[in-house]
Amino acid sequence: DVKVTQSSRYLVKRTGEKVFLECVQDMDHENMFWYRQDPGLGLRLIYFSYDVKMKEKGDIPEGYSVSREKKERFSLILESASTNQTSMYLCASSRRGARSYEQYFGPGTRLTVT
Amino acid sequence: AQSVTQLDSQVPVFEEAPVELRCNYSSSVSVYLFWYVQYPNQGLQLLLKYLSGSTLVKGINGFEAEFNKSQTSFHLRKPSVHISDTAEYFCAVSDHGGGSQGNLIFGKGTKLSVKP
């Protein structure tokens, strides 16, 4: 059974803190994605990666960075958390060159910045 | 640029009634189309997908969707809903081999609320 796991389901951080969100997939997928989900806005792509050490900006990369040192792990970093980064964060992965581009999602991390 | 419009943000319906969740997309190239479901406090799970071939696609949990190229629509239907279908549903589109390989564009979601 395919699996994408995220390090925390719920996280509370203070403004200005550095925050790490971790995502691990066990499907040997090349592509990995970070989204944030806000009510009424759907899913918005923050960053994605097609291979180890590669990263591409999505639609809303400001205030975020990413790291992919190993194929199975994709980290999202909030360098200095702010209250407007309070959101649900979803990680996903997919196979490169897959005919369908189907993405598999983790359970999400609900981050609150106070 | 591609875009996806889900025409209803909320759909209330009684148990055992039929339901249709509407999705329209815009794209200048051929597309793949998806419906995902998100149950409360969970990630997204694939319901069904259209790649090619038959325009009527069947998915899990009794859902089906019909691809209409002329109307650029991919509406999701279920003939009889259950309480357990209460969730948020997302329509998504991906173009064939575009520059952003494997990226999906999501709609803003439709919350289906099934009442007893």
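Before reading on, note that the structure itself is shown above.
Residues numbered from 1 in each chain as written. Chains lettered and ligands numbered in written order. Predicted model: local features only at pLDDT ≥ 70, side-chain atom pairs only at ≥ 80, totals over all residues. Heavy atoms only, no water.

S.K.: Help me out: how do you make sense of the state of the cysteines in this one?
M.R.: What is meant by a disulfide is a covalent connection between two cysteines, made through their sulfur atoms. Here the structure, examined in full by the defined rule, presents 2 disulfides over all chains. The partner cysteine of C23 of chain A in its disulfide is C91 of chain A, sulfur to sulfur 1.9 Å. A torsion of -75° about the S-S bond marks the disulfide between C23 of chain A and C91 of chain A as left-handed. With C23 of chain A in strand β3 (residues 19-25) and C91 of chain A in strand β9 (residues 87-94), this residue pair connects regions lying 68 residues apart in the sequence. Assigned by exposure class, C23 of chain A and C91 of chain A land together as buried. Covalent S-S linkage joins C23 of chain B and C91 of chain B, the inter-sulfur distance amounting to 2.0 Å. Torsion about the S-S bond of the C23 of chain B and C91 of chain B cystine: about -70°, corresponding to left-handed handedness. Residue C23 of chain B is located in strand β4 (residues 23-26), and its partner C91 of chain B is located in strand β10 (residues 87-95); the two are separated by 68 residues in the primary sequence. There is no split in this pair, since C23 of chain B and C91 of chain B are both buried. (Disulfide = S-S within 2.5 Å. Helix = DSSP H or I, 4+ residues; strand = E, 2+ residues; numbered from the N terminus. Buried < 20%, exposed > 50% of the residue type's maximum accessible area, 1.4 Å probe, protein only.)

S.K.: Can you help me understand the sheet that holds strand β8 (residues 73-78) of chain A in this one?
M.R.: Think of a sheet as strands paired side by side through backbone hydrogen bonds, with each pair either parallel or antiparallel. Residues and elements named next belong to chain A. On the basis of which strands lie adjacent, the open sheet formed by 4 strands has the order β1-β3-β8-β7 and antiparallel pairing. What marks the edges here is a single partner per strand, and that holds for β1 (4-6) and β7 (64-70). Taken over all neighbouring pairs, the strand axes of this sheet differ in orientation by 20° on average, direction set aside. Examined bridge by bridge, β1 and β3 share 3 bridges and lie antiparallel to one another. Each bridged residue has a counterpart across the sheet, and for V4 the counterpart in β3 is Q25. (Pairing = 2+ DSSP bridges. Axes fitted to C-alpha atoms, helices over the stretch in contact; angles between N-to-C directions.)

As far as function goes, none of this settles anything; it's purely spatial.
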